[in-house]
Amino acid sequence: DQKLWEDNLVIATEYIGPMVEDYSGYLFVDNDIGDDSNNGSFGFPVQTISKAVELAQLGYTIHVKNTNNPYQGVCVNKNEIKIIGTHGMPTINSYVTCDGRNALFYSRADDVYFENFILDASEHDCINIRALIFSGLPDVPIYRNHAKKIYAYGPGQGCDGRSLLSSSLCYNCILEDSISKGAEEHGIYWTNHQDGSIIRNNFVTDADGACLQLNSDPETFQQGHDYQDGIMSNNLVENNILYDCGTKSSSALNLAGVHDSIFRNNLIYGNQMAGGIASWDDGYSSWGDSGNFNFGCKNNKYYHNTVDCRNCDRHAMSFRNGGT
């Protein structure tokens, strides 16, 4: 019937490729039969994602075919680029270095979209690699990046490595329907003065640090600066499962300098060393500015969260350093 046809069309488009007659605006990557000397069209795919990004113009969609061979990661510095895995979930396991940082997927541009990939960093232990980075600059933030159905795997607890899924100075950016497992630091790490984030429907487990940390880094506050205000605000964190994190430090949901945000329908359990939810200022008030609690977490709303802390060494919920 009509609904079944529409549902199947959605599935086919998402996992096989666009069912259209006009392929303008699309590029195709296939590391089995592709060649980087090709033009990236439907019949002549390129071999690497980086070549497709090089060929892409504003508003292009890049379809990456799942094959038996993993791909190398990519640095994206062009606006309005979509990169979508098809024929299943392609695996990225070789990192690239972008702006001096090691990553599998990296964006320093506006309106970048990643969907339907396995980001496997499990073999890269102790070398400071991240699976996904949205990365703006203090004077040039980025906007509206979006990652969906990203399954990120790290080497697990033990090394002083990096967070798996991270974002810095990225405004109105989204992470949803994704998995983070085995982070050497935080499973999901949002940092450095970014507002309007949506983090929802994710599963995070086995992280040395927090399962999910939002830290506006108040120690980098600069009076009168357009972006470095030491505060994250107007964020939505919902329907996440945070399990078995915080072996070294941090609560399962660790918040510093977060204002006017909503936390709802999150499930937090199995975090024996970490505890549940911590709201504070990342220790700013003890760094030579005691009595200034402006960077504590304020005016946040917590609805219908479940925190199982029956075996925790720390609090199920805490408010410190101006947290209210």
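Please refer to the structure placed before this passage.
Rules used throughout
Residues numbered from 1 in each chain as written. Predicted model: local features only at pLDDT ≥ 70, side-chain atom pairs only at ≥ 80, totals over all residues. Heavy atoms only, no water. Buried < 20%, exposed > 50% of the residue type's maximum accessible area, 1.4 Å probe, protein only. Helix = DSSP H or I, 4+ residues; strand = E, 2+ residues; numbered from the N terminus. Pairing = 2+ DSSP bridges. Salt bridge = Lys/Arg side-chain N within 4 Å of Asp/Glu carboxyl O. Core = buried A, V, L, I, M, F, W, Y, C linked by side-chain atoms within 4.5 Å. Contact = heavy atoms within 4.5 Å. Phe/Tyr/Trp six-rings, centres within 6.5 Å; stacked < 30°, edge-to-face > 60°. Lys NZ or Arg CZ within 6 Å of the ring centre and 35° of its normal.

1. Things to note about the pairing of strand E28 (residues 277-280)
Argument step 1. Going residue by residue along E28, you find Ile277 and Ser279 tucked away on one face and Ala278 and Trp280 tucked away on the opposite face as well.
Argument step 2. Here 4 bridges tie strand E24 (residues 253-256) to E28, and the two strands are oriented parallel to one another. Its bridge partner lying in E28, Ala256 is registered against Trp280.
Argument step 3. Looking at chain direction, E28 and strand E31 (residues 317-319) are connected through 3 bridges and run parallel. Considered in E31, the bridge of Ser279 is made with Phe319.

2. Description of the pattern of salt bridges
Argument step 1. Tallied over the full model, the rule gives 8 salt bridges.
Argument step 2. A salt bridge links Arg130 to Glu185, with the nearest nitrogen and oxygen atoms 3.8 Å apart. Here Arg130, found in strand E10 (residues 129-135), pairs with Glu185, found in the loop between strand E16 (179-181) and strand E17 (188-191); they are 55 residues apart in sequence, far enough to count as distant.
Argument step 3. Classification of Arg130 by relative accessible area gives buried; the value is 8%.

3. Quick look at the nonpolar core
Here is a general trend for soluble globular proteins: nonpolar side chains tend to be buried in one another's company.
Argument step 1. Residues Ile49, Ile62, Ile83, Phe114, Leu119, Leu165 and Leu214 are the most contacted members of the largest nonpolar core, which totals 58 residues.
Argument step 2. Ignoring any residue separated from it by four or fewer positions in sequence, one finds Ile62 in contact with Leu27, Val29, Ala52, Val53, Ala56, Ile81, Lys82, Ile83 and Ile84.
Argument step 3. Of all hydrophobic cores here, the second largest spans 5 residues; its members include Cys98, Ala103, Tyr106 and Ile133.

4. A closer look at the packing of aromatic side chains
Argument step 1. For the coordinates displayed, the defined rule picks out 12 aromatic pairs.
Argument step 2. An angle of 80° between the planes, with centres 6.4 Å apart, marks the rings of Phe134 and Trp190 as edge-to-face. Of this pair, Phe134 sits in strand E10 while Trp190 sits in strand E17, and the two are 56 residues apart along the sequence. In this structure, Phe134 and Trp190 share a single accessibility class: buried.
Argument step 3. Among the aromatic residues, those joined into a cluster by ring pairs are Tyr26, Phe28 and Phe42.
Argument step 4. Cation over ring: Lys82 sits above Tyr113, and NZ or CZ is 5.6 Å from the ring centre.

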